[in-house]
Every structure is written in structure tokens, then in C-alpha cells.
Amino acid sequence: MMSDDVTGKMKSNKITVYIDDVPYLVSPENNLLAGVLSNKLKLPYFCWHPSMGSVGACRQCAVTQYMDENDTRGRLVMSCMTPVVDGMRIGLIDKASAKFRQQVIAAMMTNHPHDCPVCAEGGECHLQDMTVMTGHSARQYRGGKRTFTNQYLGELVGHEMNRCITCYRCVRFYKDYAGGKDFDVFGSRNQVYFGRQKDGVLESAFSGNLVEVCPTGVFTNKLFSAHYTRKWDLQSAPSVCAHCSIGCNTSIGERYGSVRRVMNRYNHELNGYFLCDRGRFGIGFVNSMARISTIKGVNNKVGEPSLGTFNEKSFAKAMSEHSGESFIGIGSARASFEANRLMKHLVGKENFSLGYTNQEMQLALRHKQLLAQYPQQSLSGMEHRVHQGSEAKEHDLVVLIGENIAQTAPRLALTIKQLLRNAARDKADSIGVKHWQDSAVRTYAGNTTTPMFSIQAQQSEFDQQANGALILSVQKIITCVEHLTQMLHAEFISHIVVPLKAQQGNTVESANQKCSSQESVSKELSDQESKFLLLLANALSQAKMPLIVTGLSLKSPLLLNAIDNLMACLSQKSHCYSPELTVVAPECNSVGNLHFFNEHSLSIEQVINRCSTRHSENKVPSTSLLILEHDLAQLSHQQLQQLRQHCKTMIVLDHTDNQLTKMADIVLPVSAVSESNGHFVNYQGRLQRFSSAHIAVKPIMENWYWLGLLAKHLLTHPEVSFASLTQLQSFFAKHGEPWALQVMTCQQQNSNVARETHRASGRTAMTANQSVHESKTFLENSNNPEGLRFSMEGDDANSSHNMPYAWAPAWNSNQSIFQHQQEINGELHHKGNENLLNLSLSVFFDDTAEENIEEKLDKLWPCEVLKRDGDLTLIQNIPWFLADQQTHNLPEFILMFTGNTIELSTEFARLNHYSTDDVLKLTIDEQQLFGRVKINSNQSQSVVLVSLFELPMSINNLIITAKNINIATTEEVTDFHQVESNRKQIAQQEKADILIRLKKQDQTVPISFITNESKAEGNSNA
Ligand code: SF4
Ligand code: SF4
Ligand code: FES
């Protein structure tokens, strides 16, 4: 795949530019600055960003352009605003441009406070680097400095406006790129202010990127600042975000046994330069008070000692009491690929479950079938122009169906926002304005956007931009998709005369006007729906490369069926028509688990049945459960009680307390993503490695290691004896499993890479508060398949194909990534996860016994609810930062939550006499949940949107009736307000407590940690 967009990979036909009389090859598709930086030359800049293009605001990137080789004077040009032409000659080191650049930065620095020693950006600051690069080493300005009042921007991002150098990057990112509405630039001349109109929480799900986008320390990561360390004293690891199925690449920084921050790790196919805030800040859950740090249930028997130790003999003795029990294993979509594979191997395919309900099993099967048929594009593939042979293609239509991507896959939403600018770029292109001329493109093309349609169960931020947007019940969404398919089949659309041009802000009302002469498509549909479908069918018939985006969050296999039929219909259209489908999966390893899914897999209902049948046959519970990182939150209270009652021994492996750990007999504490090694498989089927940033304190150990111990002492699997993850992978490689073979091949290319920068303060200095004796670092052991060393010793991190952090000589900030790209926005020199990508899903699935599964489906996993169309559908509308259950333990996110709400259509509220801010009681199963009423005139009458903290995302598309909703009594209202305020208070207290605990740990952990580890007897999971 090749693309020529400003943010894409460049075409290979390079041209020659003479820089200081030396010829260099540069891409004609990007600007001169990008060409210079692609050749690893040093040229300072501020306002240009490789993803956002050029605006020419800072004047820092000046170079001298010469007419020809005889021109000795030349003229100053801004390289970021200058297109390249073959044979052009420029100077970087000539006196004029060098002096100009030095003067520009001197002017900028007149107001900068020079507070590097107390600035969180210090040591990784682009402004510092550029100041050094221009040679502005002495401060001459002696006047007073301009000062600003900082704003409170919420729990996540700090603000220190005095450091601003007015480069405009922040507002361009927040407003123009990410579509935020609550951040802007104010003032004029020397008093330009970047922030909100007044103090308040930044609303965008991408606000954390300001920390990386701002070249100075104006925007800071508040969580990192609260427990701060310099970049050079962080121990970093390449990791993968565990908070949704996109699988953005991250770099986790750790010091003294606690995670400090997550930074973006460039992957040109996926996240590029940006993460969402759930991924950036959500990692805080690993430090939460809810983490499990001791073994529960066997402690007393084995006399398990305190934190920091683990005695295998005692554990074996305790486990021997359960050996001989018959176990069912339940894996999970948030546990690593390896751990799930091992679990299945240990219990056998007849006793393996993914913890899915019958409905989710049917959903998973449909998902698997869709992925096998329709290859999933990377984010970059969706966003950029793709070259297929001589043809260049880009998505010219987006249809969002039944998935609120802003909630379930925020980074994908950011990609779609960029994709929608394709039409504007093309329009500008038609008059010769290049893609990278950001300001010119926006000026000329205005708000022109690529056409988009949306059919959802809830409102989304895309609705306003859409050419048409419908909000319907799930059943109605399915009906609409079916009708759309029929319309396309019948070539009904060939008679439609409405011209579809790229247009901005067309709501469904304006779409209706255009189609007002058309007849209603079907009696099942309202006029509004019929007209919408006519317009959409028209758009689909005219597009060349439409993108359909859907997902599993509405939990409807029937919806996936309907999408499958739609795609089949579109795919038949013609050879020059390339419809693409993107399916958002529920969790970080949901697609990985499809590998283990077949007709033998047990649904959770089957697990309950088996436990209860054996219970009644044997008169005592005789089936035991081994549950891997699953809280079974989607089960009803009754189902959970049944499971507990009929199961003999419940052993749960998890890192955070939940409803199952509370009811389990034995809980084994497993390490969280920051302390673990393994792979997740993202929505595309891309197998991506994550590495531990640090080693957890025993008895917290990696999930696969616990499973190995259980194999040895409980499940009698003598062949399973893994001292390391590498051994586990090679075990499966020997059995011919393709994923393991690829993983092994990739790992052989590694060397010993340092996790700390070569500027680290050194162990003596870092632990001097306790001892000046140099302590041993963790031994590199076989549990460390990437060869990442827990120290500053080792090979250059940047030569690794999995860079723990980004750095290059003279480039200390994250902008150093350009020094590692083959060219700006291109692949890294040392490709990382890409080596392992896109294992074909047909290879991925380990069973072929799925023939005729369609017929067996309802017998295998019967699901009555799918056929029921109740009068109300419950849809989870929780904010994006709480849409992943793991982030419910992060105090900062809890503090951002504005409270439980139950959102009703105007009609439903009127019929039931509910008013805004009434408190309602929702009864689900035996659980009573309370929320304030919100009334939404756009909402479907048969949908109830709930944003209830206590309700997990996995409960969605639940059929209820109006009887489930009642007005709360006066006492209940008082309790509700109390609970709401308590939640905040507890979160506030927890936030303070966590900080105190971590700071205390800083003073005590390192030495004891290291001492214990150096005594460890070759325990790979030390
Ligand atoms: S706040 Fe940062 S990103 Fe924004 S204009 Fe100032 S220096 Fe640039
Ligand atoms: S989009 Fe998903 S994977 Fe990417 S950073 Fe956000 S939560 Fe993580
Ligand atoms: S980077 Fe060129 S003007 Fe700012």
C-alpha cells in the first residue's frame, strides 16, 4: 500500500534537492521541511506537524533558497511552506538563514520563563532542543515578561501558559484536527492565549495529545506531574493499549515499581502520532487501590508470607487438595493471546469457554465470519489515499452503522474525522493546493467534507456533520440495513436523480427535502427512514470506495448478518468498486479469542448447565472453575448465584477486584498489562506484542506463569512446564501453530536493548536515599523474550524493532521519532509489531469443524432474546473514558463522570409523566439502579439510553419494558444523591491515597525489591 497524503507514506518517485550543495532525494508530495527532516538533517521548526501539515506561523524553519548554482545571495523562505522542485538549491548552514532562525527563537524566548528546572517538559522539550540547535545560548533580553493566568482544564491536563511560544499547534490539533469545540485561541499581538473560554474540563477524548503536540511545557500530564520523574530516569517498555480493540501502540514509563505515564508509540499503520485519553491516562488503573496484591483463599493454609515473596512448595501443597477435580476453564478477551491459548490447552477444548453468553457466542461466530471475508484495513489505510497499481483511491463515503465509535474505539473516530477531509483536500488539489498546505486547504475548501451517513441507536458527535443521521432502535437499524440491501439489489438506485456531492452539515432534514419526491420504500419504515435510505442508496451507488463501519457493541448477531448481506451486495457491484468494512471488536483481545472459538466452545449458560447437572447427579458440586481475567459482568445476578452454587472450587486469576474475585474460593493475583509480556490481537487480526515496563512484586505474577504452576500442581499436565514465555511460545511453535512460529522468528531478531536512556541518573544516584551501594539490576532472564534490559546498559534502544522510548542525538523530545522513520510519516527503520501483523484469519482459526454451523447455531447456543422485540431497548451511553471496565478504578476518570443519567425520548417521558432531573429507578434482574432523567427529542421512543456507573458496558441491547422504570421514592432520591456525592468523595480520597502510597513506595521499594530479586532462584517470573 502506498499513499501520497500529507500524513501518509510517500510515493517512491523522488526528486533531487541540493541542500548546502549536496544532492538529497526528497518526495515531491511533501514540503521542503519534510524533505530535509526525512534526510535526517537538522532544521528547527515549531508550528509544522507531520500529521497536521503547515501553516507558516512560527517562522522558525527558514532556509535560503537559491535560484541556481550561481546565485550566492538567495532569499529566505519558510521551508514548511515551500514545495520542492527537482534540482532546487537551498542552504541550511548559510549565515543569513542561521541568523534569522536564531533571532526568531530569541524573540520567542523573550517571554518564555526559562523555568526548565521545574518544568515537567524539561529534558524532553522540543523548545530546549531547538534553542540549542539554533545556537541561542545566551539570554540578552532584560525586560519584564508577559504573564498569564492559567486555567483549570480538568483532572488530566495541566496548564502553564507563560511557557507558550505561540506556535498554534495546540489549537490546530484540538479544534481543527480532533474537532474539539471548547478550546480556542484568544487575544492578539503579544497577548495571545490558548485555552478555554473559562476554566473547565476539556471535553475532547484526545486532550492528552496536547501534552505531546505542544513543543514546550504549556500542557502537562497531570497524573505524571503528580508523581513525577524525568524522562531519563524512566524505565520504558513498548506496549499495546488494553482499553479497546484498536490496539494503539504505547510506551509505558515506570520508576520505582509504579507506572508513571503512557506516551504514544509511533506505528504508522495504526495510531500514528496520537492516542485517545482512555489509552493515555487509563493505565492509572494498575496503581489503583482495587489491585489484588496477595493470594486469597490459600494464604492461611500455606502460611503465605507477606508481599514480595512466593513459596511454590506451599502453593503446591495447597493445590494438591484440589487435584483430581474436574475443571472448566474460562478465558477472556482482556487476557493475552498466549494465556488464553494455554488455558484452552490445559482444560481441553471440550472444557473451554470464553465466558460468552449464548448471544455473545452467536455474535462471535458472525464476527469471525465477517473477518474471514472482509480484510480489515489499518487506520492509516482508512485515512489515506491508497495506490493500487496506477490508480489512486481513497474512501469517498463513510457509513456508520450501529456502533458509537467515539465511545468504543476513540482513535478510530479520530481517523474517520481525518478521512472526512478527503473531499476538502481533493477540492484544493484541483487548483494545485497541496495536501500539506493546511491553512490554504481549509481556506479554500471551507467545511467541505466527504459524504457520511450514520444509523445509530444513540446520538454521536458525527451526527451534525453527516449527510444523513438516523437514531433508531436496534431492530429498526437491522430493518433499515436489510431494506438498503434490497434496494441496492434491485438497482432501484439507478433511477435516483439526486446528485450527491461532498457537502457539509447536511442533516437528515435537508436530505429529506432533496428526496421529497421519492416514494416511501416500505410500509415498515417511516417517511423519514425511507427518504434517508434512498439518499444513502444513491450515495452508495455513486461512491467508488465506500467504508462501512460497524461493531459488536449493540450485541446483535442479526445486525452483523444484515451487514454481511449488505457487503455481499456491494461487493458484487463492479470490479472498480471497492467497498471496505471495519468491525470494531469489544475488547483488546476479542479477535485473538476468535482463534479459540469453535463449536466445542462452551457458552456461559452451558457452563452453568454442566455444573448444575453434575451437581444434581453427584449430589454435591463436582465441577470446578478456573477463570482467567473475566468478571462475567454480563451475567444476571441469578446466573452468577447459580454458577457459584453449582461449582465446587472457583479459582480466579485476575489483577483487580471484581464481583468474581469476591465470590471465588481462591484468587491468584496476576500482573496487569504494564507488568506483563504477551500479545493482543487487534480488530484487524494484527498480533501485537506488549512488554513489561517492570516486574510486579510477588506474589503478583504473569497469568501464563500462574497457569503453568496450576498445570504442574493441579491439572497434571507434565508436558507444560514453562519457565518463560518464550518456552511457552516455542511449545506451541513445535506443535505447528502459525502464530507461535511467527512470534519465535521475530524474537530471534532482537538483541539486548536498554529500557533506560543512556542519560539515566544511574542506580547509585537513584537509590541514594537508602544506600550508596550499587545494587544489582534485575537479571535478564528468559522471561524477557524481547531482550529488553532493566537498566541503561544494553544496545541503543532506538535500534530495536520495538523501541521502548524515542530519542535521537540532539532530539530529546518525542519529535525524535522523525529520526527513526524511513521518511516523514513512513515506516520506522526498525519495524516493530508490523513484523507480526495480519496473520490471516483463516490460518488463525484452529478448527475447521464449522461446516454447517449455521444450522446448528440455535441448537448450540440458543438465544431467545434475539427473536424478541421488546418495547424498550437499553443502550449503554456511558462516556468514552468509562467505556472500558478497567478504567472504572481510576479516580481521575470517576471525578470526570458527571453522574448517573437515564435518557428518554420526549414521547416516552411525556407518556410516563417524567421530567428532566427526576430521579428514576431502573430494575434489571434484581439490581436497582438510579439515574437523573434527561430528555432527548432526537431519541427513538423505543430506546432508553443509560449512563450508569454501576452498569457494565457488556450489558447492552437489553430488552426491558416500561415497568422496569419507575420514579424513585423520596428516600431513594436522597440515597441516590448521597451515593453520587460519595462516589466523588471516595474518588478524591483514593486519588490522594494512591499518591501517598506510591510516594512512600518510592522510598522503600527499590532496594528491597532489588535485594529480593537478586536472591530469587532463577524464577523467571521474579
Ligand atoms: S500552548 Fe504550546 S502548542 Fe499552543 S501555541 Fe503555545 S507553545 Fe504552541
Ligand atoms: S483508541 Fe483504543 S487502543 Fe487506542 S489509545 Fe484509545 S483506548 Fe487505547
Ligand atoms: S515550522 Fe515553518 S513556519 Fe513554523
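Residues numbered from 1 in each chain as written. Chains lettered and ligands numbered in written order. Predicted model: local features only at pLDDT ≥ 70, side-chain atom pairs only at ≥ 80, totals over all residues. Heavy atoms only, no water.

As a further point, take the confidence of the model for the protein. Confidence in the prediction for the protein averages 87 pLDDT; 86% of positions are at 70 or higher. Note that pLDDT drops below 50 for residues 1–11; the model gives that stretch 53 contacts with residues more than four away or on any other chain. In this model residues 495–520 is a low-confidence stretch, pLDDT under 50, and it forms 54 contacts with partners more than four residues away in sequence or in other chains. (pLDDT = per-residue confidence, 0-100. Contact = heavy atoms within 4.5 Å.)

A word on the site of ligand 1. Near ligand 1 you find Cys164, Ile165, Thr166, Cys167, Tyr168, Arg169, Cys170, Phe194, Cys214, Pro215, Val218 and Phe219, and these make up its full shell. When its residues are assigned to classes, the shell around ligand 1 shows 10 nonpolar, 1 polar and 1 charged. (Near = heavy atom within 4 Å. Nonpolar A, V, L, I, M, F, W, Y, C, P; charged D, E, K, R; others polar.)

Reading across from one edge, 34-29-33-30-32-31-35 is the order of the 7 strands in this open sheet, with mixed pairing throughout. At either end of the open sheet lies a strand with only one pairing partner, and these are strand 34 (958–960) and strand 35 (965–967). The mean inter-strand angle of the sheet, taken between neighbouring strand axes irrespective of direction, is 35°. Two strands pair when backbone bridges link them, and strand 29 (residues 872–876) and strand 33 (residues 943–947) are joined in this way by 4 bridges, in the parallel orientation. Each bridged residue has a counterpart across the sheet, and for Ile875 the counterpart in strand 33 is Leu945. (Pairing = 2+ DSSP bridges. Helix = DSSP H or I, 4+ residues; strand = E, 2+ residues; numbered from the N terminus. Axes fitted to C-alpha atoms, helices over the stretch in contact; angles between N-to-C directions.)

For the rest of this paragraph, the subject is the side chain of Glu403. Its location among the elements puts Glu403 in the loop between strand 17 (397–401) and helix 13 (405–408). The charged side chain of Glu403 is buried without a salt bridge, its nearest counter-charge being Arg278 at 8.6 Å. Side-chain polar atoms of Glu403 contact the side chain of Thr408, separated by 2.7 Å. With residues near it in sequence (within four places) discarded, Glu403 still touches Thr408, Gln456, Thr550, Gly551, Leu552, Ser553 and Val584. (Buried < 20%, exposed > 50% of the residue type's maximum accessible area, 1.4 Å probe, protein only. Lys, Arg positive; Asp, Glu negative; His and termini not counted. Salt bridge = Lys/Arg side-chain N within 4 Å of Asp/Glu carboxyl O. Polar contact = N/O pair within 3.5 Å; in protein donor to acceptor, adjacent residues only side chain to side chain.)

The next thing to look at is the pattern of salt bridges. Counted by the stated rule, this structure contains 29 salt bridges. Across the salt bridge formed by Lys991 and Glu155, the nearest N and O atoms sit 2.7 Å from each other. On the criterion of sequence distance, the pair formed by Lys991 in helix 33 (residues 970–1015) and Glu155 in the loop between helix 3 (126–134) and strand 6 (157–159) is long-range, its members being 836 residues apart. The partly exposed category is assigned to Lys991, whose relative accessible area is 28%. A network of salt bridges, in which partner residues are shared, links Arg172, Arg421, Asp438 and Arg442.

With that settled, the discussion passes to the sheet that holds strand 14 (residues 352–353). A sheet is described by the order of its strands in space; here 5 strands give the open sequence 14-13-22-23-24, paired in parallel fashion. The sheet terminates laterally at strand 14 and strand 24 (666–669), the two strands that pair on one side only. Pairing of strand 13 (residues 326–330) with strand 22 (residues 623–628) involves 5 bridges; the strand directions are parallel. If you follow Gly329 over to strand 22, its bridge partner there is Leu626.

Turning our eyes to something else, we now look at unusual backbone geometry. Residue Pro699 follows Lys698 across a cis peptide bond; omega there is 5°. Assignment of secondary structure puts Pro699 in the loop between strand 26 (687–690) and helix 25 (703–713). In this structure, Asp20 takes a positive phi of about 50° despite not being glycine. Turning to its location among the elements, Asp20 is positioned in the loop between strand 1 (15–19) and strand 2 (22–26). A residue is classified by how much of its surface remains accessible, and Asp20, at 26% relative accessible area, is partly exposed. Here the phi dihedral of Ala810 falls at roughly 75°; this positive angle occurs in a residue that is not glycine. Residue position: Ala810 is located in the loop between strand 28 (788–789) and helix 29 (841–844). In this structure Ala810 comes out as partly exposed when scored by relative accessible area, which is 32%.

A separate point is the site of ligand 2. Taken together, Cys241, His243, Cys244, Gly247, Cys248, Leu275, Cys276, Gly279, Pro410 and Arg411 make up the full set of residues near ligand 2. Across the shell around ligand 2, the residue classes tally to 6 nonpolar, 3 polar and 1 charged.

Now for the packing of helix 17 (residues 474–489) against helix 19 (residues 527–542). Contact geometry of helix 17 with helix 19 gives a least axis separation of 10 Å together with a crossing angle of 50°. Overall, the two elements helix 17 and helix 19 adopt an arrangement that is oblique. You can see that helix 17 and helix 19 cross each other, and the crossing is right-handed. Contact residues: helix 17 offers Lys476, Cys480, His483, Leu484, Met487 and Leu488, while helix 19 offers Glu529, Leu533, Leu534, Leu536, Ala537 and Leu540. When its residues are assigned to classes, the contact of helix 17 with helix 19 shows 9 nonpolar, 1 polar and 2 charged. (Parallel < 35°, antiparallel > 145°, perpendicular 65-115°, else oblique. Left-handed = near helix turned anticlockwise from the far one by under 90°.)

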